[in-house]
Amino acid sequence: LPGSHQFASDFIETIAVDPARSAKDRNVIWGLTADLSSTVPARDRVLYISRSSNGGATWSQVARIDSRYFDAKIGEGLRNGFIVSPGGTYFVITTQRGAFQVFPQPGTSRPLVIPIAGPRVPHSPPRISIPKKPGDPVRANVVGMTVDGKHLIIGYGYFDLAPQLFSYRKGRHSSWIEDGPLPPLPTEMDILSMQFDDPWNPHPAYLYVGTGDQAYRLDLH
């Protein structure tokens, strides 16, 4: 795996596969690693996307996401979300600074990174002291995309805002347009996992959400 090979840099945070039924190579997996060791200067800390076609025996670097898009000082690398678009043309990652589309570029490991609009820390005083300012992006965590690549759901919240889910629809040039928040979950705990009831259906009926205290089923219709 790429990186400094210091503590935790070789831990795979999460993996993803091409969701399309017609994927050219069903053996390919992508992994997200976080090179955030305290021995690495903060400006040099990086998230890497890597690719493996042999079950994880070897990996090749696909994209290098620099420290402009995450915050290694407040728990980054613990619950990053990561998905692959149908066809493997781009990725969506979530960090302490929100959600981002990552488009690999030919001949370089420096990708095109585009923010996905999400909620901001409100100006009202938070219930607990947080290392963010009003107007900063709320941490994004879980992320899911329908198999046709036309709809996206992103979970937000952590310590800076109550957990919430936002839906998006595909716009022009692969951009994501916010449809708005889904009904609030009856919990104040972190969102830890998310899964459609039928991953192969472009119009799933339900969304299962796991949090720090319960599991919930949301009726998407």
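Structure: see above.
Please read all numbers here as calculations on a predicted model, not as lab measurements. (Residues numbered from 1 in each chain as written. Predicted model: local features only at pLDDT ≥ 70, side-chain atom pairs only at ≥ 80, totals over all residues. Heavy atoms only, no water.)

So, about the overall build of the protein chain. For the protein chain, the helix and strand inventory stands at 0 helices and 15 strands. Relative to a compact globule of 221 residues, whose C-alpha radius of gyration would be 17 Å, the protein chain shows 17 Å and is just as compact. Counting only C-alpha atoms, the protein chain reaches 45 × 45 × 35 Å along its principal axes. Partitioning the intrachain contacts of the protein chain with sequence separation of at least 6 by distance along the chain shows that 46% fall at a separation of at least 24. Once the 22 positive and 20 negative side-chain charges of the protein chain are each reduced to a mean point, those two points are 6 Å apart. (Helix = DSSP H or I, 4+ residues; strand = E, 2+ residues; numbered from the N terminus. Rg over C-alpha atoms; globule rule 2.2 N^0.38 Å. Contact = heavy atoms within 4.5 Å. Lys, Arg positive; Asp, Glu negative; His and termini not counted. Charge placed at Lys NZ, Arg CZ, Asp CG, Glu CD.)

Another aspect to go through is the side chain of Thr-95. Looking at where Thr-95 falls in the secondary structure, it is placed in strand β6 (residues 91-95). Side-chain polar atoms of Thr-95 contact the backbone oxygen of Tyr-69, separated by 2.7 Å. (Polar contact = N/O pair within 3.5 Å; in protein donor to acceptor, adjacent residues only side chain to side chain.)

This part is about the sheet that holds strand β13 (residues 191-196). Paired through their backbone hydrogen bonds, the strands of a sheet run either parallel or antiparallel. Strand order in the open sheet formed by 3 strands is β13-β14-β15, and the pairing between neighbours is antiparallel. Every other strand in the sheet has two partners, leaving β13 and β15 (215-219) as the edge strands with one partner each. Across the sheet, the mean angle from the axis of one strand to that of its neighbour is 20 degrees, orientation sign disregarded. When strand β14 (residues 206-211) meets β15, the two strands line up antiparallel, connected through 5 bridges. Looking at β15, one finds that Val-209 is bridged to Tyr-216. (Pairing = 2+ DSSP bridges. Axes fitted to C-alpha atoms, helices over the stretch in contact; angles between N-to-C directions.)

A separate point is the sheet that holds strand β7 (residues 98-105). Strands sit in the order β5-β6-β7-β8 across an open sheet of 4 strands; the sheet is antiparallel. Here the strands that pair on one side only, and so sit at the sheet edges, are β5 (82-84) and β8 (108-116). On average, adjacent strands in this sheet sit at an angle of 25 degrees to one another, irrespective of strand direction. Direction of pairing for β7 relative to β8: antiparallel, over a ladder of 6 bridges. Across the sheet, Val-102 pairs through a bridge with Val-113, a residue of β8.

Moving on: the pattern of salt bridges. Across all of its chains, the model carries 4 salt bridges by this definition. Its salt-bridge partner being Arg-97, residue Asp-71 comes within 3.9 Å of it at the nearest N-O pair. Linking Asp-71 in the loop between β4 (60-65) and β5 with Arg-97 in the loop between β6 and β7, this pair joins segments that are 26 residues apart in sequence. For Asp-71, a relative accessible area of 17% puts it in the buried group. Note on Arg-97: relative accessible area 33%, which makes it partly exposed. Two residues, Asp-179 and Arg-169, come together in a salt bridge whose shortest N-O distance is 2.5 Å. (Salt bridge = Lys/Arg side-chain N within 4 Å of Asp/Glu carboxyl O. Buried < 20%, exposed > 50% of the residue type's maximum accessible area, 1.4 Å probe, protein only.)

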